[in-house]
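The lines below spell out each chain.
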Amino acid sequence: MAQDFSLPVRQAVMAAMRRAPAILSLIPAGSQYPSTVPAKAPFPLTRYGAPIASPFLATGLDSSTIRFTIHSFTKPLYGTGGELIRPAEDQSHHIADAIAQSLGGRTLDVGGHKASIVWIGTNQLQDPAEADLWHAVANFSADVAG
């Protein structure tokens, strides 16, 4: 019987992101959230999107494929003197690239099983409600051998 590994995959992905130097250089570990983001959380931040779990049945394996997203939200980056260092759109691309590079191609331990993470692609979106807010959605797939 196939197992739903979506919770341990989320836990392993969040732990990997909170240790990834490329991500930490752009977003502190305390601004990387599971699905729920606190009200008035400071930017930039990430949020783990709702996963989709599918059975993956093979001879001798009870596994699953978990498709998940990492959402990142950012505003323009300003220096201490108020000068624009990086526009929000550029900052969003840097964050999304760090996430894709840090997670894609990795194999994570998921409760004694191995999860092979594949980066599928990223969408960059300007938030319609806030002109200076950018939102990137990085899509991944994790195959977990049970």
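Description of the structure in this document. (Residues numbered from 1 in each chain as written. Predicted model: local features only at pLDDT ≥ 70, side-chain atom pairs only at ≥ 80, totals over all residues. Heavy atoms only, no water.)

1. A word on the overall build of the chain
Tallying secondary structure elements over the chain gives 3 helices and 9 strands in all. Listed N to C, the secondary structure of the chain is α-α-β-β-β-β-β-β-α-β-β-β in terms of helices and strands. Considering only C-alpha atoms, the chain reaches an extent of 60 × 30 × 25 Å along its principal axes. Within the chain, the fraction of its 146 residues that count as buried is 40%. Restricting the contact set of the chain to residue pairs at least 6 apart, pairs at least 24 apart contribute 56%. Surface summary for the chain: the accessible area is close to 7600 Å², and the carbon and sulfur share equals 56%. (Helix = DSSP H or I, 4+ residues; strand = E, 2+ residues; numbered from the N terminus. Buried < 20%, exposed > 50% of the residue type's maximum accessible area, 1.4 Å probe, protein only. Contact = heavy atoms within 4.5 Å. Areas by Shrake-Rupley, 256 points an atom, 1.4 Å probe, with all protein chains shown as cover.)

2. Topic: the nonpolar core
Core analysis: the largest hydrophobic core is formed by 26 residues, its most contacted members being Val 9, Val 13, Phe 68, Ile 70, Leu 103 and Ile 117. Looking at this core, the elements that each hand over two or more residues are helix H1 (6–17), strand E4 (61–74), helix H3 (88–103), strand E7 (107–110), strand E8 (113–126) and strand E9 (134–145). No other element matches H1, which puts 6 residues into this core. Residues contacting Phe 68, with those up to four places away along its chain left out, are Val 9, Val 13, Tyr 48, Pro 51, Ile 117, Ala 138, Asn 139, Phe 140 and Ala 142. Counting 5 residues, the second-largest nonpolar core is a separate cluster that includes Tyr 33, Ala 41, Leu 45 and Leu 133. (Core = buried A, V, L, I, M, F, W, Y, C linked by side-chain atoms within 4.5 Å.)

3. Quick word on the packing of aromatic side chains
Each aromatic ring pair is described using two quantities: the centre-to-centre distance and the angle formed by the ring planes. Counted according to the given criterion, the structure contains 2 aromatic pairs. With centroids separated by 5.2 Å and ring planes inclined at 10°, the aromatic side chains of Tyr 48 and Phe 68 adopt a geometry described as stacked. In this pair, Tyr 48 sits in strand E2 (residues 45–48) while Phe 68 sits in strand E4, placing the two residues 20 residues apart along the sequence. Judged by relative accessible area, Phe 68 falls into the buried class, the value being 1%. Taken together, a centroid distance of 5.3 Å and an interplanar angle of 15° make the contact between Phe 68 and Phe 140 stacked. Taken together, the residues span a long stretch of sequence, with Phe 68 in strand E4 and Phe 140 in strand E9 at a distance of 72 residues. Residue classification places Phe 140 among the buried residues on the basis of a relative accessible area of 1%. Three or more aromatic residues joined by ring pairs make a cluster, and in this case those are Tyr 48, Phe 68 and Phe 140. (Phe/Tyr/Trp six-rings, centres within 6.5 Å; stacked < 30°, edge-to-face > 60°.)

4. Notes on unusual backbone geometry
The omega torsion across Phe 43 and Pro 44 is -5°, close enough to zero to call that bond cis. The phi angle at Lys 40 is positive, at roughly 60°, despite the residue not being glycine. Counting through the fold element by element, Lys 40 comes out in the loop between strand E1 (32–33) and E2. Here Lys 40 falls in the exposed class, since its relative accessible area comes to 83%.

5. Observations concerning the pairing of E8
Inspection of the sheet shows E7 paired to E8 by 4 bridges, in the antiparallel sense. Within the sheet, the bridge partner assigned to Thr 107 lies in E8 and is Ser 116. From the end of E7 to the start of E8, which pair antiparallel, there are 2 residues, and Gly 111 there has a positive phi angle of about 55°. Pairing of E8 with E9 involves 12 bridges; the strand directions are antiparallel. (Pairing = 2+ DSSP bridges.)

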